[in-house]
Amino acid sequence: GAGVSQSPSNKVTEKGKDVELRCDPISGHTALYWYRQSLGQGLEFLIYFQGNSAPDKSGLPSDRFSAERTGGSVSTLTIQRTQQEDSAVYLCASSLAATNEKLFFGSGTQLSVL
Amino acid sequence: ELKVEQNPLFLSMQEGKNYTIYCNYSTTSDRLYWYRQDPGKSLESLFVLLSNGAVKQEGRLMASLDTKARLSTLHITAAVHDLSATYFCAVDVTGSGSRLTFGEGTQLTVNP
């Protein structure tokens, strides 16, 4: 596609429910990133995928968060048993390769946990 | 722990004026990025600075990197209203570009 596509654009859920956020990177981009943007914490790194290498999960805030990338393309970020502090904009980005490349960000998923 | 600090956090300026946004970081790195974010929108890459002394310019914006001072600047020349946005710097210490640490952002408002 022309850009990084994320869905849904908005998600409202109840505390304790699981949510799945989807990211379609730019075709041909081997690197994929998830970041979270919230008022209190700014922009935080969550996880990074590069080709077939093991992902860098060092930014995931708890074991309720997980992500996968199927076939080196689409990625899904899953949050289990959501909490109110999970409310944020979840941004996906991709790049041609990780090294020294600028990131192309999607429009994000606004997650609201009630 | 890497800290990235931007100054100022809020900037209101008049059209036609010049100003500089500063980005300080606490750990050695020679990779620094600038992004722009419009309200309700996602981030757009402005500059990628990959070495000490790197300078890049695009239109009314110019970014530079001093790795010894651990400082990057984003200079705005003759500001116009369309530059109103939030500007973020981000630092990579992994050497691979795999993980960026972002500053808090500078919210710029350019008034007519």
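Scroll up for the structure.
Residues numbered from 1 in each chain as written. Chains lettered and ligands numbered in written order. Predicted model: local features only at pLDDT ≥ 70, side-chain atom pairs only at ≥ 80, totals over all residues. Heavy atoms only, no water.

A few words on the overall build of chain A. Within chain A, the regular secondary structure consists of zero helices and ten strands. Seen in sequence order, chain A has helices and strands lined up from the N terminus as β-β-β-β-β-β-β-β-β-β. Summarising its shape, the C-alpha atoms of chain A cover approximately 35 × 25 × 25 Å along the three principal directions. Counting only contacts in chain A whose residues sit at least 6 apart along the sequence, the fraction spanning at least 24 positions is 56%. With an accessible surface of roughly 5,500 Å², chain A has 45% of that area assigned to carbon and sulfur atoms. (Helix = DSSP H or I, 4+ residues; strand = E, 2+ residues; numbered from the N terminus. Contact = heavy atoms within 4.5 Å. Areas by Shrake-Rupley, 256 points an atom, 1.4 Å probe, with all protein chains shown as cover.)

Turning our attention to the interface of chain A and chain B. Note on interface size: it is often stated as the accessible area lost on association of the parts. Of the residues lining the interface, 18 residues belong to chain A; the matching set on chain B comes to 16 residues. Buried area between chain A and chain B, both sides added, is near 1,500 Å², and the carbon and sulfur share of it is 53%. Connecting chain A to chain B are zero salt bridges. The interface formed by chain A and chain B contains five residue pairs in polar contact (both at pLDDT 80 or more). Listing elements by their share of the side of chain A that touches chain B, those giving two or more residues are β4 (31–38) and β5 (42–50) of chain A. (Buried area = accessible area lost by both parts, 1.4 Å probe. Salt bridge = Lys/Arg side-chain N within 4 Å of Asp/Glu carboxyl O. Polar contact = N/O pair within 3.5 Å; in protein donor to acceptor, adjacent residues only side chain to side chain.)

Here we take up the sheet that holds strand β8 (residues 71–76) of chain B. Residue and element names in this part refer to chain B. Read across the sheet, five strands follow the order β1-β3-β8-β7-β6 without closing on themselves; strand pairing throughout is antiparallel. Across the chains shown, the open sheet's two edge strands, defined by having one partner strand only, are β1 (4–7) and β6 (55–58). Strand-to-strand, the axes of this sheet are offset by a mean angle of 15°, without reference to chain direction. Direction of pairing for strand β3 (residues 19–25) relative to β8: antiparallel, over a ladder of six bridges. Looking at β8, one finds that Y22 is bridged to T73. (Pairing = 2+ DSSP bridges. Axes fitted to C-alpha atoms, helices over the stretch in contact; angles between N-to-C directions.)

Moving on, we come to the state of the cysteines. Residues and elements named next belong to chain B. Under the defined criterion, the tally for this structure stands at two disulfides over all chains. Shown here is the disulfide that connects C23 with C89, its sulfur atoms set 2.0 Å apart. Between C23 and C89, the disulfide has an S-S torsion of 80° and is therefore right-handed. With C23 in strand β3 and C89 in strand β9 (residues 85–92), the pair connects residues that are 66 residues apart, well separated along the chain. The same class applies to C23 as to C89, namely buried. (Disulfide = S-S within 2.5 Å. Buried < 20%, exposed > 50% of the residue type's maximum accessible area, 1.4 Å probe, protein only.)

Applying the stated rule across the entire model yields seven aromatic pairs over all chains. Residues Y35 of chain A and F45 of chain A carry aromatic rings whose centres are separated by 5.7 Å and whose planes lie at 70° to one another, so their mutual orientation is edge-to-face. You can see Y35 of chain A sitting in strand β4 and its partner F45 of chain A sitting in strand β5, a full ten residues away along the chain. According to the relative accessible area criterion, F45 of chain A is buried, its value standing at 6%. Taking the centre distance of 5.5 Å and the plane angle of 85° together, the rings of Y35 of chain A and F102 of chain B count as edge-to-face. (Phe/Tyr/Trp six-rings, centres within 6.5 Å; stacked < 30°, edge-to-face > 60°.)

Right, let's talk about the pattern of salt bridges for a bit. Residues and elements named next belong to chain A. In total, this model carries four salt bridges over all chains according to the counting rule given. One salt bridge in this structure joins R36 and E44, with 3.1 Å as the shortest N-O distance. Owing to a relative accessible area of 9%, R36 belongs among the buried residues under this scheme. A salt bridge links D86 to R64; its shortest N-O distance comes to 2.7 Å. Linking D86 in the loop between β7 (75–79) and β8 (88–95) with R64 in the loop between β5 and β6 (65–69), this pair joins segments that are 22 residues apart in sequence. Using a relative accessible area of 12% as the deciding quantity, one classes R64 as buried.

For soluble globular proteins, the rule of thumb is that nonpolar side chains tend to be buried together. In this structure, L32, W34, L74, I76, Y87 and L108 of chain B are the most contacted members of the largest nonpolar core, which totals 25 residues. Looking at this core, the elements with two or more residues in it are β2 (10–14), β3, β4 (32–37), β5 (43–49), β7 (61–66), β8, β9 and β11 (106–111) of chain B. The leading source of residues in this core is β9 of chain B, at four residues. Ignoring anything within four residues of it in the chain, the contact list for L74 of chain B reads Y19, T20, I21, W34, F47, L61, M62, A63 and Y87 of chain B. In terms of nonpolar packing, the next biggest core, distinct from the first, is built from 20 residues, V4, V19, I47 and F65 of chain A among them. (Core = buried A, V, L, I, M, F, W, Y, C linked by side-chain atoms within 4.5 Å.)

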